[in-house]
Every structure is written in C-alpha cells, then in structure tokens.
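Analysis of the macromolecular model
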Amino acid sequence: MRSALARIMSVLCLMILLPATAARADNPIVQTIYTADPAPLVHNGRLYLYTGHDEDGSTYFTMRDWRVYSTTDMANWTDHGSPMSLATFAWADANAWAGHVAYRNGRFYWYVPVRNRSTGGMAIGVGVGDSPTGPFRDALGRPLVENNEIDPNVLIDDSGQAYLYWGNPRLAYVRLNSDMISYSGAVTYIPLTTAGYGTRTGNPSRPTLYEEGPWVFKRNGQYYNVFAAECCSEFIGYSTAPSPTGPWTYRGTVMPRQGGSFTNHAGIIDFAGGSYFFYHNGALPGGGGYTRSVAVEKFAYNADGTIPTINMTTAGPPQVATLDPFARQEAETNAWSSGVETEPSGEGGMNVGFIENGDHIKVRGVAFGNGASSFTARVASGTSGGRIELRLGSPTGTLVGTCTVNGTGGWQIWATVTCPVSGLSGTRDLYLRFAGGSGYLLNLNWWQFTPSGGGGGNLLTNGTMEDGTTGWTSSGGTLSSATDVAHAGSRSLLTSGRTSAWQGPHQNVTTRLTNGRTYTTGVWVRSQSGTPSAKATLTLTANGTTSYLQLTPAQTISSTGWTQLTGTATVSWTGTLTSASFYVETAAGTDGLYIDDASFQ
C-alpha cells in the first residue's frame, strides 16, 4: 500500500510542475520515506549512509528498522533497503534509534540503541555484517552495554584502540577490544564542564550545551566531538581535544537551529577530496520532529582547523562524478523521486514500485557523450502497464523517448522492454516520468541506454549471464551457469573448484580494445563461501610481453549478498596486441565466485 509520504510527494509534484523544476533541489537525500540520524562511512571508494527510519504519521520517535544508502557521486543515491531491524535483536522490543557503523577485521559493526525488553531501559546492541549493505545479525545475543542512554558512536584511533561513545544526558565511553564486541575496563563518564561543552542557562540540572548524539573523529592530530546541543530545538555544536578522552574545549556552533525538526544529529566525513556534513531536518511534506529527513552539505575547514558555520540548503552538494547511462543502472539509484516507493525485488536488491500516473524519478548528471540510440528497462506490472517517458531537465522537459510497458502478469514477474531514443548528447539530468491510467502502473528494476552507432557500449558478450556460459571461459576450476542466485534476471556465472586466487571467469576482448582509450568496468560479485577480496583485472600480451591492469579496486565480498566492483582505467600497450582477457579474481584464497551483470566499456 502506498505510503502517506509518497501520496503527498506525488500531489506536491503536480502542483509545482513549472519551468522552475529544472532546478529542483536534491536535499533531503531520500524522498520515499522519512529518515533520521545519519551515519556516513566510506569503504572502497563508495560512501555508505546508515540512517534510522521514522514511520509515517509518527507522533513520537516510532522507529522499527534502519536503512542503508550509498553514492559514488554525492548526487545519485542507491537505496539498499533495510538490512537490520528490531527483529534482529531478540532481546529488544522498541526504539530502533540513532546508530553508527564501523569497519574492522573485514566486517561491519553497527552499534544501535534499542529498548531492552527485560529491563525496559535503553541499551546498546551490535549488529555485524560481512558487507556494508548487510544483512546484519546480532553479534552478541544481548546488549554490549546498558545504562539507559543512547546515540552510540565509534572512533578507531591511529593506535588501533577503538572507543565507543554514547549518552544523553551524560557522555560516556568505553575502550573496545579488538573484536569490537567487548570492552575492557569500566564505563567512563566524560566531565561535562562549561569549558569543555559550553554554557547552558536556565537549566541547573544540565549546565552545559551537550545534549546527545556525539560524533567523534580525528583530523590532523586533533580530536573533534560534534554533538546535538541544547534541546529544544537543538543546534549542532562542537568541541576539540588533544586526545580521544579529552580534555575537551568548546569551540562553538556548526549548524544553527534550523529546519523544522526540534532534534538534529550530525555526521562528518571526507570523501572524493571534499568534506561533508550530514544532518536531519523536517523538510519533506508532512515532516517535523518525528518525521525527519537526512540531508548533506559540502564544507571546507578553516585554515586553523575550526569548522565553519554550516546552514541547511535545499540544493545539497555539487556532483563529483557523472553517471554512466551505458552501464546498467538500478532504478533505485537516483537524485530525487516523486510519488514512488522502493521495495525488495524478487530479482535481488530493490526495485522502484507503487508507480502511478505523473510520478517520476530524477537521475542527475548523466553523461550521454555523443548520444544514445535506445533505452532498455527491466519492468513488471500486475495490471495493464503504462509508459516510461524519458525527459531532459525536468519532468516536463524535452521528450527523447517513450517506452510502453504491458502487463507481465504480476508485480514481480519481470520482462525487458526496449525503445528508441533521440536527441541525447552531453551531460544532462534525466527524468523518468511515468504515465498511464489510474492506479498502480508498473515496477522498475533497472535501466540502460545503448550508445549511438554502437560504439562505447559493453565490450563483453553475454554480460547479463542470461545466455548461460556463452562468451565466457575459466582459467581454472569449473565454469557453470547458476540459477540458485542471480543479481538480476534468472542466471549468474559460477566458477567453482578454483585452486588459485587468479582463477576465475574470463572473456577474450582482444579485438574490441582501442589503444589509449579509457574504459569503465562494473561487475556484481559474490562468493560461494567465505569473505575474500575480489577485483576485476585485464591481462594484455603485446610483442610477447604480458602485463596486468587492475580495473577495479579490490572489495571484500561475501556469500550473503552481491557487491559491485566498479572502476575506470586507461588501457594501453606497446607493439602489437596479441591477447587481451577480462577476468575476475580474488586477492587470495580459492572460494567459489559468482559474477553477474558485467560491463566493460
């Protein structure tokens, strides 16, 4: 059933479909649900954002699960759904509140405050996952620490010592052990002095500005604690210290009281050469103190290391990279959406659904280059379908193509449709506007353009793996077409029985390469067992000399979900190229490898 927020967003869109929508803002980050309490993490060149989820129509902090989003360009965000909820913790019964994720030992640890069913008080639990997008499981089966306080945050210092901070009304920490799920010593309470945390007036029981939500990090030898200050409504303040345990000195305001929510919650991180400040507000329709939305701003530290005052905007940060339309893109990767929702897809991952006439999604900064000739989409419909209008610049902008979607017999019975397009070139904002009759029209899983003239497209034969092993060989082990798991569609490729790390699925691309050209790689990978580190590689033999070019950064993969390897590399050689092969390998180990939806273009 369509959420209240989706209905409001759809109506709002109809009210403002004017030329000004070409400059539509992209803050808040998520429009399909209410999100709160952002916790960013950078891993393998991608920024992951972990959030809480305010239920529609809440009149208190009614939160039952947590969500994950990610981006490579700070403009288009991928919705990874909910990999952890109250149900993850059998001992908890309510209050899936503000958490924080840390990476260590090849695993991801999600520290969250929840209500302990047996005591009725707030406690800190730990979820652990093998992938940044989960799924996460209860690491302990009980609380890690409990003092009826909230808002955990983890710092792993340069020495390797990890600290867990949390607290409202107090500010506490423990020294975590290297396993990240136990600690040594007692809980220590940081002295909340006016010198360390500013002066609050009119409340003798809380003489300092510290309220809740500590975010502790280190930069250039200095420790920062950015926190929510003086409810209500809160602003964001910060203090600094020469060590992770103090002494702290109050430095002032980061973000004033703004935004329609009486709480705020900060997260700061560096990514792609810039610094970013995450927060929440009540900016979406129906938003407020219990229905919040996460947003982000780019900022630069002052020369002396102090943090400037940052104001909320609707524009958000600039895009740091373009999006490739000739690689397959998930429908749930976008900069803005109106009216639609996301849901788990029967083909894996998420899909965009609950689509009605006039709804749309915006994809920012799409690099069409010299143009495109066709558009392909993976769709499903339990009714008679509808149309996908491809428009530039706004939901009512130039129409460059229309794809008709017929009924498929069910909302998770998927089909692929293709339609011609024209008038596409350069880098543009793309709008997918949905049209049709009344009620729900269709679901959308992924889309992809074909470049004009066929140049610049995917060099890999059978990149979707839907044609079995066609086009692929293996350098060792057994290559087979797998139907037990697939990233999308019904098949993937499995290389089992590997005896060396370099053995994996291969494809010969000798005749398809151009010397000196830059190529972009994208391939979804998972292990048959274990958590190896995987990468895509190109082997080149020219004039009798063989060289190896790493196409993507290595990423940890697991058997519980798909991980996308992405990268860009310039391919060059000297002399006559006699052999070139694209393949996926692991850094070590011989775990079986699944791959799906591979592109090299």
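The structure we're discussing is the one just above.
To keep things clear, this report deals only with the structure shown in the data block. (Residues numbered from 1 in each chain as written. Predicted model: local features only at pLDDT ≥ 70, side-chain atom pairs only at ≥ 80, totals over all residues. Heavy atoms only, no water.)

Quick word on the environment of serine 205
This is how it is decided: Note on conventions: DSSP H or I runs of at least 4 residues are helices, E runs of at least 2 residues are strands, and numbering of each starts at the N terminus. Pairing of N or O atoms within 3.5 Å defines a polar contact, subject to two protein rules: one partner must be a possible hydrogen donor and the other a possible acceptor, and residues neighboring in sequence count only if both atoms are side-chain atoms.
The residue serine 205 is located in the loop between α2 (194-197) and β16 (210-219) in this model. A C-alpha to C-alpha distance of 9.7 Å links serine 205 and proline 169, two positions 36 residues apart in sequence. Within the structure, serine 205 has its side chain in polar contact with the side chain of asparagine 203 (distance 2.7 Å).

Description of the state of the cysteines
We apply this condition: Sulfur atoms of two cysteines make up a disulfide when they are within 2.5 Å. Per-residue accessibility, obtained with a 1.4 Å probe over protein chains only, is compared with the maximum for each type, and a residue is labelled buried under 20%, exposed over 50%, and partly exposed between these values.
Evaluation of the coordinates by the stated rule reveals 2 disulfides. Residue cysteine 231 pairs covalently with cysteine 232 via a disulfide, S to S 1.5 Å. Because the torsion about its S-S bond is 45 degrees, the bridge between cysteine 231 and cysteine 232 counts as right-handed. For cysteine 232, a relative accessible area of 55% corresponds to the exposed category. In this model cysteine 403 forms its disulfide with cysteine 419; the gap between the sulfur atoms is 2.1 Å. Looking down the S-S bond of the cysteine 403 and cysteine 419 bridge, the torsion is -105 degrees, so its handedness is left-handed. Within this pair, whereas cysteine 403 is found in strand β31 (residues 398-405), its partner cysteine 419 is found in strand β32 (residues 410-420), the two being separated by 16 residues in sequence. Since its relative accessible area comes to 1%, cysteine 403 is described here as buried. A residue is classified by how much of its surface remains accessible, and cysteine 419, at 5% relative accessible area, is buried.

Some thoughts on the layout of surface pockets
Note the cut-off: Buriedness of a pocket was judged along seven lines, with at least five required to meet protein on both sides within 12 Å; pockets are open sets of points on a 1 Å grid over the protein atoms alone, cavities are sets where a 1.4 Å probe fits but cannot get out, and lining residues have an atom within 4 Å of a point. Grid points are joined across faces, edges and corners, and a volume is the space filled by probe spheres set on the points. Residues were grouped as follows: Ala, Val, Leu, Ile, Met, Phe, Trp, Tyr, Cys and Pro as nonpolar; Asp, Glu, Lys and Arg as charged; and all remaining residues, including Gly, as polar.
Considered as a void within the structure, the second largest pocket measures approximately 490 Å³ in volume. Around the second largest pocket, the lining is made up of 22 residues, and of these Leu155, Val216, Phe217, Ile268 and Ile269 lie nearest the centre. Secondary structure elements with two or more residues in the lining of the second largest pocket: β1 (34-43), β7 (100-104), β12 (153-156), β16 and β20 (267-271). Looking at the lining of the second largest pocket element by element, the count peaks at 5 residues for β16. Partitioned by chemical class, the residues of the lining of the second largest pocket number 15 nonpolar, 2 polar and 5 charged.

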